[in-house]
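# Topology and contacts: notes
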Amino acid sequence: MNQALPTLTLKDFASDQEVRWCPGCGDYAILKTIQKLMPDLETPKENQVFVSGIGCSSRFPYYMNTFGFHTIHGRAPAIATGVKLANPELDVWVITGDGDGFSIGGNHMMHVLRRNVNLQILLFNNEIYGLTKGQYSPTSQVGTRSPSSPTGSIDSPLSPCQVAMGSGGTFIARSIDTEAKHLTSVVKRGHAHDGAAFIEILQNCPIYNDGIFEQVKDKKIAADFRVEVEHGEPIIFGKEKEKGIALNREKLELEVIAVAGNEDSILIHNETNKIQAQMLAAMGGEDFPVAVGVLYQEEKSSFVSDTQSQLQQARDKQASLEALLNSGHTWNVD
Amino acid sequence: MNQALPTLTLKDFASDQEVRWCPGCGDYAILKTIQKLMPDLETPKENQVFVSGIGCSSRFPYYMNTFGFHTIHGRAPAIATGVKLANPELDVWVITGDGDGFSIGGNHMMHVLRRNVNLQILLFNNEIYGLTKGQYSPTSQVGTRSPSSPTGSIDSPLSPCQVAMGSGGTFIARSIDTEAKHLTSVVKRGHAHDGAAFIEILQNCPIYNDGIFEQVKDKKIAADFRVEVEHGEPIIFGKEKEKGIALNREKLELEVIAVAGNEDSILIHNETNKIQAQMLAAMGGEDFPVAVGVLYQEEKSSFVSDTQSQLQQARDKQASLEALLNSGHTWNVD
Amino acid sequence: MELAEEKLDEHHLDEKEVIDVVVRFAGDSGDGMQLTGTNFTQATALYGNDLSTFPDFPAEIRAPVGATFGVSAFQIYFGAEDVTTAGDAIDVLVAMNPAALVTNLGNLIDGGLIIVDSGAFTAKNLAKAKYESNPLEDGSLDGYRVFSIDIHKQVLAAVESFGLSHKDALRCKNMWTLGLVMWLFDRDRSTTIDNLKTKFANKPEIANSNIAALNAGHAYGETAELPAGIHVYKVPKAKVAPGTYRNITGTQALAWGLIAGSEMADIDLLFASYPITPASNLLHELANRKEFRVNTFQAEDEIAAVCAAVGASFAGSLGITSSAGPGIALKAEGIALAAASELPLVVVNTQRGGPSTGLPTKTEQSDFNMALFGRHGDTPIPVIAASTSIDCFDVAMEAVRLSTKYMTPVMLLSDGYLANAAEPWKIPAVDSLPTFSVTHYDDPTDFKPSIRSEETLARVWAKPGTPGMEHRIGGIERSYDTGDISYDPANHQKMTDLRKAKVDGIANDIPLQEVCYGNNSGKLAVVGWGSTFGAIHQAVKRAVSEGLDVSHIQVRYLAPMPRNLGELLSNFDAVIIPEMNTGQFIRMIRSEFLIDADGINKVAGQPFKIGEILAAIHEKYNELGDRGGKS
Amino acid sequence: MELAEEKLDEHHLDEKEVIDVVVRFAGDSGDGMQLTGTNFTQATALYGNDLSTFPDFPAEIRAPVGATFGVSAFQIYFGAEDVTTAGDAIDVLVAMNPAALVTNLGNLIDGGLIIVDSGAFTAKNLAKAKYESNPLEDGSLDGYRVFSIDIHKQVLAAVESFGLSHKDALRCKNMWTLGLVMWLFDRDRSTTIDNLKTKFANKPEIANSNIAALNAGHAYGETAELPAGIHVYKVPKAKVAPGTYRNITGTQALAWGLIAGSEMADIDLLFASYPITPASNLLHELANRKEFRVNTFQAEDEIAAVCAAVGASFAGSLGITSSAGPGIALKAEGIALAAASELPLVVVNTQRGGPSTGLPTKTEQSDFNMALFGRHGDTPIPVIAASTSIDCFDVAMEAVRLSTKYMTPVMLLSDGYLANAAEPWKIPAVDSLPTFSVTHYDDPTDFKPSIRSEETLARVWAKPGTPGMEHRIGGIERSYDTGDISYDPANHQKMTDLRKAKVDGIANDIPLQEVCYGNNSGKLAVVGWGSTFGAIHQAVKRAVSEGLDVSHIQVRYLAPMPRNLGELLSNFDAVIIPEMNTGQFIRMIRSEFLIDADGINKVAGQPFKIGEILAAIHEKYNELGDRGGKS
Ligand SMILES: Cc1ncc(C[n+]2csc(CCOP(=O)(O)OP(=O)(O)O)c2C)c(N)n1
Ligand SMILES: Cc1ncc(C[n+]2csc(CCOP(=O)(O)OP(=O)(O)O)c2C)c(N)n1
Ligand code: SF4
Ligand code: SF4
Ligand SMILES: [Mg+2]
Ligand SMILES: [Mg+2]
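Values in this document were obtained by computation on a predicted structure and should not be read as measured data. Within any chain, residue numbers begin from 1 and follow the written order of that chain's sequence. Numbering of ligands from 1 and lettering of chains from A proceed in the order in which they are written. Only residues with pLDDT of at least 70 get local features here, since the model is predicted, and only at 80 or more are side-chain atom pairs given and counted; chain-wide, interface and lining totals rely on the full set of residues. Hydrogens and waters are ignored; side-chain quantities use all the structure's heavy atoms.

Let us look at the overall build of chain A. The helix and strand inventory of chain A stands at 11 helices and 12 strands. When the backbone C-alpha atoms are referred to their principal axes, chain A occupies close to 95 × 50 × 50 Å. Counting every position in chain A, which comprises 334 residues, the buried fraction comes to 64%. Restricting the contact set of chain A to residue pairs at least 6 apart, pairs at least 24 apart contribute 63%. Here a helix means four or more residues in a row that DSSP labels H or I, a strand means two or more in a row labelled E, and each is numbered from the N terminus. Per-residue accessibility, obtained with a 1.4 Å probe over protein chains only, is compared with the maximum for each type, and a residue is labelled buried under 20%, exposed over 50%, and partly exposed between these values. Contacts between residues were defined by any pair of non-hydrogen atoms, one from each residue, lying within 4.5 Å.

Looking now at the sheet that holds strand β19 (residues 572-579) of chain C. Residues and elements named next belong to chain C. Only when DSSP finds a minimum of two bridges between them are two strands counted as paired. Reading across from one edge, β17-β16-β19-β20 is the order of the four strands in this open sheet, with parallel pairing throughout. In this open sheet, the two strands that pair with only one neighbour each are β17 (550-554) and β20 (598-601). The sheet shows a mean angle of 25 degrees between the axes of neighbouring strands, taken without regard to direction. In terms of strand pairing, β19 meets β20 through four bridges, oriented parallel. The residue bridging I577 from the neighbouring strand is G599, located in β20. Axis definition: a line fitted to C-alpha atoms, over the contacting stretch in the case of helices. Angles run 0 to 180 degrees between N-to-C directions.

With that settled, the discussion passes to the coordination of the magnesium ion (ligand 6). Residues and elements named next belong to chain B. Ligating atoms shown are N, O and S within 2.8 Å of the metal, or 3.2 Å for Na, K and Ca, and water is not included, meaning a site may look less than complete. In the first shell of the magnesium ion (ligand 6), the protein supplies D98 (OD), N126 (OD1) and I128 (O), at 2.0 to 2.2 Å from the metal. Mapped onto the polypeptide sequence, the residues donating to the magnesium ion (ligand 6) form the spacing pattern D-x27-N-x1-I. Residue D98 is located in helix α3 (residues 98-104), and its partner I128 is located in the loop between β4 (120-125) and α5 (160-166); the two are separated by 30 residues in the primary sequence. D98 gets classed as buried once you look at its relative accessible area, which sits at 2%. Residue classification places I128 among the buried residues on the basis of a relative accessible area of 2%.

Right, let's talk about the sheet that holds strand β18 (residues 557-559) of chain C for a bit. Residue and element names in this part refer to chain C. Taken together, seven strands build an open sheet; the order of strands is β9-β8-β10-β11-β13-β12-β18 and the sheet is mixed. Bordering the open sheet on either side are β9 (294-298) and β18, each of which pairs with just one other strand. Ignoring which end each strand starts from, the neighbouring axes of this sheet average 20 degrees apart. Two strands pair when backbone bridges link them, and strand β11 (residues 345-351) and strand β13 (residues 409-415) are joined in this way by seven bridges, in the parallel orientation. Its bridge partner being in β13, V348 is matched across the sheet by L412. Where helix α11 (residues 302-314) meets the sheet, it contacts β8 (269-273), β9, β10 (318-323) and β11, and its direction lies at approximately 165 degrees from that of β10.

This part is about the side chain of S341 of chain D. Inspection of the secondary structure assignment puts S341 of chain D in helix α13 (residues 332-341). Using a relative accessible area of 0% as the deciding quantity, one classes S341 of chain D as buried. Here a polar contact is taken to be a pair of N or O atoms separated by no more than 3.5 Å, where protein atoms must pair a possible hydrogen donor with a possible acceptor and residues adjacent in sequence count only if both atoms sit in side chains. Side-chain polar atoms of S341 of chain D contact the backbone oxygen of L337 of chain D, separated by 2.6 Å. For S341 of chain D, the contacting residues outside a window of four places in its chain are F69 of chain A together with R459, I473, G474 and R478 of chain D.

Between chain D and chain A, the contact holds 69 residues from the first and 57 residues from the second. Once two parts are brought into contact, the accessible area they lose, counted with a 1.4 Å probe and summed over both, makes up the buried area. The junction of chain D with chain A conceals about 5200 Å² of combined surface from both sides, 65% of it contributed by carbon and sulfur atoms. Together, E300, E470 and R472 of chain D form the three largest contributors to the area buried by chain D at its contact with chain A, with a combined 14%. Basic side-chain nitrogens of Lys or Arg form a salt bridge, by our definition, when they fall within 4 Å of a carboxyl oxygen of Asp or Glu. There are two salt bridges connecting chain D and chain A.

What follows covers the site of ligand 1. The cutoff for a nearby residue is simple: one of its non-hydrogen atoms must lie within 4 Å of the molecule or strand. Surveying the vicinity of ligand 1 reveals 21 residues, the closest of which are C56, S57, D98 and D100 of chain A together with E302 of chain C. Nearby residues place ligand 1 at the junction of chains A, C and D. With respect to ligand 1, the side chain of S57 of chain A contributes an N or O atom lying 2.7 Å from an oxygen atom. Within the backbone of G130 of chain A, an N or O atom sits 2.9 Å from an oxygen atom of ligand 1.

Turning next to the site of ligand 4. With respect to spatial proximity, the complete set of residues near ligand 4 consists of W21, C22, C25, C56, N126, Q203, C205, P206, I207 and Y208 of chain B together with I61 of chain D. Around ligand 4, the neighbouring residues derive from chains B and D rather than from a single chain.

Further remarks concern helix α9 (residues 274-282) of chain B. Residues and elements named next belong to chain B. Counting buried residues in α9 gives seven out of nine residues, a clear majority hidden from the surface. Along α9, the residues that are buried comprise I275, Q276, A277, Q278, M279, L280 and A281. Downstream of α9 by one or two residues, G284 has phi in the positive range, about 150 degrees.

A separate point is the coordination of the magnesium ion (ligand 5). The coordination sphere of the magnesium ion (ligand 5) contains the protein donors D98 of chain A (OD), N126 of chain A (OD1) and I128 of chain A (O), at a distance range of 2.0 to 2.1 Å. Classification of N126 of chain A by relative accessible area gives buried; the value is 6%.

Further remarks concern unusual backbone geometry. Following G354 of chain C, the chain continues into P355 of chain C via a peptide bond in cis, with omega recorded as -5 degrees. Even without being a glycine, K241 of chain B presents a positive backbone phi close to 50 degrees. Here K241 of chain B is to be found in the loop between β8 (236-237) and β9 (243-248). Phi at L457 of chain D takes a positive value of approximately 70 degrees, unusual for a residue other than glycine. Along the polypeptide, L457 of chain D turns up in the loop between β14 (422-426) and β15 (472-474).

The subject of this paragraph is the interface of chain B and chain D. Contacts between chain B and chain D engage 27 residues on the former and 25 residues on the latter. A buried area of about 2100 Å², summed over both sides, lies between chain B and chain D, and 54% of it is on carbon and sulfur atoms. In this assembly, chain B and chain D are joined by zero salt bridges. Of the residues in the side of chain B that touches chain D, the class split is 14 nonpolar, eight polar and five charged. For this classification, Asp, Glu, Lys and Arg are treated as charged, while Ala, Val, Leu, Ile, Met, Phe, Trp, Tyr, Cys and Pro are nonpolar and the rest, including Gly, are polar.

All names here are of chain C. Centres within 6.5 Å make a pair out of two Phe, Tyr or Trp rings, where for Trp the six-membered ring is used; the pair is then stacked when the planes are under 30 degrees apart, edge-to-face when over 60, and tilted otherwise. Inspection of the entire model under this criterion finds 45 aromatic pairs over all chains. When the centroid spacing of 5.6 Å and the interplanar angle of 70 degrees are considered together, the rings of F368 and F585 count as edge-to-face. Taken as a pair, F368 in helix α13 (residues 368-373) and F585 in helix α19 (residues 585-593) lie far apart in primary sequence, 217 residues in all. Accessibility classification places F368 together with F585 in one group, the buried group.

This part takes up the pattern of salt bridges. With the rule as written, the count across this model stands at 68 salt bridges over all chains. Where R289 of chain D meets E285 of chain D, a salt bridge forms, and the shortest distance between an N and an O atom there is 2.9 Å. Judged on exposure class, the residue R289 of chain D and its partner E285 of chain D are both buried. D509 of chain D serves as the salt-bridge partner of R401 of chain D, at 2.9 Å between the closest nitrogen and oxygen. Of this pair, R401 of chain D sits in helix α15 (residues 391-406) while D509 of chain D sits in the loop between α17 (489-505) and β16 (522-528); the two residues are 108 residues apart in sequence, bridging distant segments of the chain. Using a relative accessible area of 14% as the deciding quantity, one classes R401 of chain D as buried. Residue classification places D509 of chain D among the partly exposed residues on the basis of a relative accessible area of 22%. Each member of the salt-bridge network shares a partner with another, and the members are R114 and R115 of chain A, D155 of chain B together with E300 of chain D.

Residues and elements named next belong to chain B. A large share of strand β5 (residues 171-176) lies buried, amounting to six of its six residues. The two faces of β5 match: F171, A173 and S175 on one face and I172, R174 and I176 on the other face are all buried. In the sheet, β5 pairs with strand β6 (residues 197-202) via six bridges, with the strands oriented parallel. Residue pairing for β6: R174 is matched across the bridge by E200. Handedness of a crossover is defined as follows: with both strands directed away from the viewer, a clockwise route from the first strand across the helix to the second makes it right-handed. As for the winding sense of the linkage, the β-α-β connection from β5 through helix α6 (residues 180-192) to β6 is right-handed. Pairing between β5 and strand β11 (residues 290-297): four bridges, direction antiparallel. Note on β11: the bridge partner recorded for A173 is V294.

Read these as geometric descriptors, not functional statements.
This is how it looks when you write it as C-alpha cells:
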C-alpha cells in the first residue's frame, strides 16, 4: 500500500487545535521545530505516535496532527512502552517535563532507559512545575522561591542527563528550545538511534521561571556559557571559539583553557566514552559552559528487538488452542 | 535523663521473634552483623528506627529489638524521610531489596539520595525477587531464567551504585553479606556520614539465585574477583595482592595490571573523586574485579539540617494563633 | 431525577433598594479582576452586607490577550439576608473586553446590567471572542441594560498627570471600573485607597494614579449623564452577629484549622504533599506558616507524600497529606498501611471534576465513593466533609481530633469550589476552641504495641525515642494480643472486626444529626453533604417561605454516619439528595436505612444553582401531593 | 449474622463404602506433599470420582526443617456426588512429622484417621512443633484412629537395593506413603509409575527406587497387620458427563481463557504485570505461552504495568494487567485513564487477605468495594467474578468480549483460593467457544475519535498505523462531538451520563440471572459471588435434601448486575449473602433493590465451610418460620 510517500510539510503535522501555552513560552519553538522536521523522518505520518504525561509540555501531542495520547502524570514512558511493544512499526515519542519525567515519573524514566526501549524521549526542562502554577521541581536550583518554597527550596536538583547516564541510557543529548537548527539535528540523531533516545531540552517558562537559561540562550553571552559538542571535534566555545575544555587527567577534572597555544590539550568529544560523557553532562555552574549536543551514544540491542526475537522464537512453534487445552494429563469418561 | 549509656550487646538488639528466612539465606549474616555493631554506634537503643518495604530482606526490622516499621513495597525511603523529618534525633535505617528499592521503589530511592536525607540505606541485592518466589529483578543479569522469564530475561540490569551516583548520592558503598568485618566497617562509616548513606550489600539467595556472587564470595577465588578499596590506598587485589587497577588516562578506561614493576601506575583510591567513583562502581564482569568498600563520599549539607534551619528561622517569629486568625483585613460588627 | 432549573424572581435592579445582588467582574487574566473583586468585597463587608465570593480562574495559565479561554472572573453575591452561595445568576456584569462578555453573558439575568469598556471592543478583540459584529452596536444586547464607556480613554485622562507609560496608565483600568461600581452600590473607597498605598508603598506614582483612577470612576458615576435606569442602589445591611470578621477562603480556613488542631492536640504536624489543582494552595498556605508547629514537605509524588506523612505519624507527629482525585487515588495503599498499622493520618481531598484528569479547575463531589471504598481489603476509615468555606476550619480541627484519638486515617472532603470561595467569618476566640490534647504512651511495664483503649478501641501511640517502647509494626496482619505478625485465622477475624468496630464506634463520639433548617419531621427532607450546602440552604429557605413543608439536613459525618440519621430521615415522607456526582452518598443512605431516597445529580463542573434545587423540591413536592404522604 | 458452624454428619469411614472423603497430605516443604497430592488426584480422577483439590503452601519461602510455619499441605476432596469445595473437615490426615500433625489436627473429624511417620517423631522434631510429650504415646490422640508406621525404616528397607544415599533414599518417603493411601482407596498406581518414569527419565535409579517405595507402601497395606477399623474403602464412582477431562487450577483456566479470548476476538494480547502473591502465577503461565498471541511484560511496578497495558490498547492490542489487592490499588489512576479515554483493558484481581499487606497467602473477597468504587470521579466499569476454578476460563473470555466490545476497562475478580485450587474440567471443543471478532475502525471519511456505536455506545477503536485515523485522546474531558478537549459544563454532564449509560447498558448484553439450585421463588435465597460458590452450593443442596425451601443464586456480573436480579430476589421471603468480607456486595443489593438482605461474613483468610453456611441457613430458616413468610 505504501508507495512513494507524498511530500509532507510542517502544516501537515499541525493539528486543528488552538495552541494554548502562555505567550512567549519556549514550548512554541519546540513544537514548530518538531513539526518542521517530521517530514524528513521518512516514517509515514500514520506511524507517528506522541505520548505525554501531564504538564504544560505534555499538551504537546494535541498540536501534532499524528496519533497522540495525553495520559496521566509521570506515566508516559510506561504507556509508550506498551504502545511500542504492541506495534514495533510505530515511531513512538515521549513528551515530558521535569516534573512529569523526573518527579512523579522518575522511576519509569529510569526503567525505559535501562531497558533501552525504542522511544524518543523529549524532556522539556524548565526547572519548574508550570501547569500547577510554579512550584519548584526536582531540577530547580537550590534556593528557588516558589509558592511551596517561600523562603527558597533546599532540595539539591537532579541533573536529567546524569540520571539518564546512571540509569544506563544509550543515547543522551541536550539542546535548547529556541535553537531550531541544533535541536533539529539532535532530534534527528535520536530518531535514528536504535533504542531509547533521551533528549533534554532547556525550555524557558517566562511566567514562573523566566530567564533561568538566559546565559545559555542569550545571543550576546551564550557563546561563553554553552558549548556545542560534536563527535570527533574539539570541545571549544566562546565568541571566537577561543576557549576550550581540557581534562586534567591526573585529577580527573575538567578545566577551561585558552585554545591559543593549547590546541593539543583540548579535549576531543568522543560520544562513545561513558566517563567523558558523564563529565560533560555534569558541566555547568559558574565556571563551566553547559554542554549541548549528543553527549553519549552506545550501540546496544534494544528492548523491542530482543522482545521480538523471543516472540519470534516462541511462535515458530505451531500454537494450537486445542492442543493447549488437551495438554498434560487428561482422561476420558464415556 | 540519659546518663552514661549501659553497655549493650548483640543480644540486646535481637527481638523475640523467630527469624524466618530460608536456611542458608545471606540475610542471616547481615542481621547478625548489624545486631553486633549496634552497641558501638553510641545512639541510645530507643533512638534506633528500622524502616523497610516488602521482600524477604524487608522482614529485617522484626528481628531487631529497636523501633521498626515494616511498611509497603518500595516506599521505605519515603516513610523513613517522614520519620526523620518528624524527629531528627532518631537514627533512621532503611532496609530494602533490589526489587523493593530499585524496581517499584526506584523513584523514592533516587529522591532521597538527591535530597541527601539523613538515612542509612541498606540494599540487600540478591538480584532476584525472593519473597514472590524467584522472578528476575531489575538487577538480574540478562538471560536470567525465572518463572516470569522462562527463556531468559532480556532487560539490561541496573547497577545500584551507578544509579545512586547518577542521582547525586553523597555516600556510596558496597559490601558482602558474609564479610562481617568489611560490612561492619562500611556500615559504621555510613552511619557517621551526615546525609544519605547508600550501601549495597551483595546477598546470596540460596533458593532462587544461588551462587550468583560466588566469585566475589568464595574464599578460594574471591581474591581475584573482588577488590577492597580504601581511601588513599592503592587499588590492588589477587591472592598475593599482585594485581592492581590502573587508569588509562588517555582512553579514560580502567585496566588490570600486574603490581610488580608498575607500582606507580596503580590507581590510588580517592573516594572524593566522583568520576573515579563512577568508574569503580561500574567495575565487574569478566575482566574486572568487583569493587567493595566506600566508593564515594561527599560532604554536603543534609536535607534534615537544612530543613531544621529553615524551621528554626521561621520559629524565631513568635507565632500566635490569635494573631493569625486576626491577620490581614478584618472588620467589626457591633 | 432529571435536573431542571427554576427561574428565581428576577425583580433585581428594578427598584432602588434591592435585597441582594450578584456582581461579576470579568476580564483578561492581566486585567486585575481578582484584585478588583477583593477590594469590592472588603468594602462590601464593611458596608455591612452578608456576602460570598468566588474567583473563577481560567484553565490555562496565561492565555493570549483577548482569548475567551483566558477570561478571569470574580463573582460576589451580597445582600441584606444570609448569603450562602456565590449566586445563581448575574445581576451586574462588568466585562473588560469582548471575550469577557461572550463567556459570561449566558449567566446574566434578563434585564441585567452590563458595564463594558467599549475601548476594548476593537476588531481584533471581537475576532478573538468570535464575534462577527460588535454586540455593542448590533442590537444583540437589547434585552439588557448596557452601560458602555470607553474606559481606556477615561483612564488615560484620569492618570495623565502622573507621567506613566501608556501601558502602566492603562493598568489602572480596573481601579477606574471599581470606582464606578463602588458608586453604584454606595461603597466606601477608603480601604481600597489604603490597600493601594500599602501595596505600592515603593512606587508612589503607581499608587497615586490608581487612586486617581478609582476616584475618577466614582466621579464619573456621580457626574456623567447615565443611561436610563442606572443609579445608585441601596442594599440594606444584613443582620449580623456582633464580632470581629474577616473574609476567608476554604483553603485558608482548612490550613488554619489544621494549625489550630495541632495546638489543641499539642503535637507537631508534618504536611507532606505534591502539587495538584485545586489542592496546591493548601500546601502553599502551610509552607508559609512554619512559625507554627507545621513543617511542610513537597514530595516527589503523592505516594511519597502519604508515606512521609505515615512515617511522621509513626515517629509521633501527626502526618497530613493532601491532594485531589488522581493524587488521592495514588495514596490508597499508603492510607491502608496507616489503617492496618493503626496510625493517625489526615488526608485532605479537594475534589475536582473527574474521571481521570477530568476537569482540574472545576468542582465536583465525585470522590465520595473512593473516600469510603477506594482501598483494597476491609479497610474502613472515617470520612468527614466540609460544607462551606468557613466550615473547613472546624472540620479540619475535627479531623485532627478523630485521627489522633482513634489512631486512624481520616479522609476530609473539600472541593474546588469551597477551596477558592470566600465568606465572611466571625473570628473565634482561641480560648473558645475545643481542646483534645494527645499524649504518647510511655509506660514500659508490660508494654506491647497492641495495648488498646477499651473505650475508643484505639491502640497506644508509642513513639520512637521513648525508652522501653521499642516495638515493630507493619502492614501484615498483627496479633490482637501481642502486635506481632499473625497468620492465625481467628485472629484475622478478630482484628477485622476490631477495625470495623473502632471506626463504627466513632458514631458515639460525634454530635447527633440535626436539621439545619425546617422541622424535624415532615413531608420532604433535602439531605446534602459538602459544598451543596449553600444552594440547598437557600432553596429550602425559599421553599419554606412559600409555605412548603421542607427541611434541610446537612451531613458532615459521612462515615460513620450519625447514630440517629436513619431514624431522623424516616420521619419524612420523602428524601431527596442533591449531589455533584451521579449518586454516591445516596447509595449509603439507601443501603443503610433502606429508604427510597431520590438523587438530584449534577455533574457539570459547577455548583448547583439555588433554582435547580428549588425546582427539584417543587417537583418532588407535587409528586408527593399527588400520592399523599405519611404525615 | 454471627458465624456458627454446623457439624456435618460424621459417619465417614465408619462404613466400608463411603460417599465422599477428604484426605490431606501434610509434611515439610521438602517432603514432596504437592507431588504426592497431584499423583493421588490423577489416580482419583481416573477412578471416576468427582473431586476438588487445594494446595496449601506455607507463607515462608523455605522454613527450617520441622518448623510449624514450614508445613506444606495438599488437600483433596473426592466422592460419588458432585464435589465443589476442598472439604470442610479432614477424614484422613497424612502427617509426615509432628509439625504437620499439630497444625492440621484441629481440622480432623472426631474419629478421623491419622497416618503418621513415627520415624519423624524425634525429640528434635517434637520440640520444633512445641509438643511437650510425644502425642503418639501420651494418649492425646485417643479420639482418632491412629495408624503409626515408621515410614523412615520401611522406605530404607524398600529401596535398599538401589544403592541410593541415605538422603536420597529417604526422599522416597512420600511415594511409600502414597502407595499406602492408594491401597486404602483402591486407586491404580500405573499413572504415578508412568509419571515417575518420565520425570526421572535421566535418573533411572531414582525412578525405580520411587516406584519400589510406592509399591512397598501399597504392599504394606495389603499384608501388614493393621489396627482395627483400617481397611480398604470403596468410594462409588460419580456420575460424570462423558468427555475428555483434565484437572485445572483457576490460574491456568484464567490464562487459557484469556488466550482463547484473544483467538476469538482476533487480537493480540499484551499482558503487563508485576509479581505479587497470589497473582504471579498468571504471569508465569502466560510467559510460557508466547506461541499464542500473547506477549508478557514484567514491568517495574503495578502502575507501569497497567499503563503499558493501556498503551497497548491504544495501539490496537488488548492490554491486560493483573495483580492482587495492594497492586490493584496502585492501578486505579491507570484504570481511570482507560475509562476516560474509552480504551479496552482487562484487570485481573486475584484477591488476598487485607488490609494493607494483610495475609498475602490467604484468600478473601474484600476487594469488591475497590473494584466497583476504587477510583476518583464518576468512573463506572463493569466488574465480573469467577465462581470456581474452571469458571475462570469462561469469565476470562467474557472479560475480553466486554472490554473490546464496549471499549472499557473490565475488572475480573478471582481470589487466592480459586487461583490455586484445581477441579476436573471437561475440556471444551474449541469450535464450540463463542466468537466475537473485533475490528479496528479504518474509514477516514469524516473520521473523529468520538464516533460511537448507537447500540453499545462504545466509541471507535482506531489504531495507530492506519492512514487517516490520526487523532489525539487523553484523560481530560473530551467533547462528545469531536473528541477534542472540552471544558464545557453541558458536555461534561453529557459525557458523564454517557459513561454511565454505556456501562449500565451492558446489562442488556449479559444473561438474565438464573437460580443455580432450587426454585425460582420461595422462602430463602442464598446469594453468592466468587469462590463462595462451592460451599454455598453444597450447603443449599443439603438443606434442600432436608426438605427446606432454599435456593442458591450465584452472581457472576457484579456491575452492572443482571436486569432481573432485583425481581428475582423479591420472589423470596428472605435473602442471605455469604461473603468473605465484612459485607460489601450486600451493600449493592440493599441499595439497588431496597431488600433487607442479611450478610454471612467470614474474614479469616479461609473459605467458608459448608457447615457454616448450612448453619446460617438453618438459623435464618427458623427465624422465618417464627415470623412467617410471604409464601
Ligand atoms: C497524579 C497527579 N499528580 C499531580 C498532578 C498535578 N500536576 C500536573 S502537571 C504537574 C507538574 C508539571 O511539571 P512539569 O512536568 O515540569 O511540566 P511543565 O508544566 O513545567 O511543562 C503537576 C504536579 C496531576 N495532574 N496528577
Ligand atoms: C504493591 C506491591 N506489589 C508487589 C508486591 C509483591 N512483592 C513483595 S516483595 C516483592 C519483591 C521483593 O524483591 P526484593 O526487594 O529484591 O526482596 P527479596 O525478597 O529479594 O529480599 C514483590 C514483587 C507487594 N507486596 N506489594
Ligand atoms: S506556565 Fe510556563 S511552561 Fe507553562 S505554558 Fe506558561 S510559560 Fe509555558
Ligand atoms: S527466598 Fe532467598 S532471599 Fe528470600 S529468605 Fe529464602 S534464601 Fe533468603
Ligand atoms: Mg517543568
Ligand atoms: Mg531481591
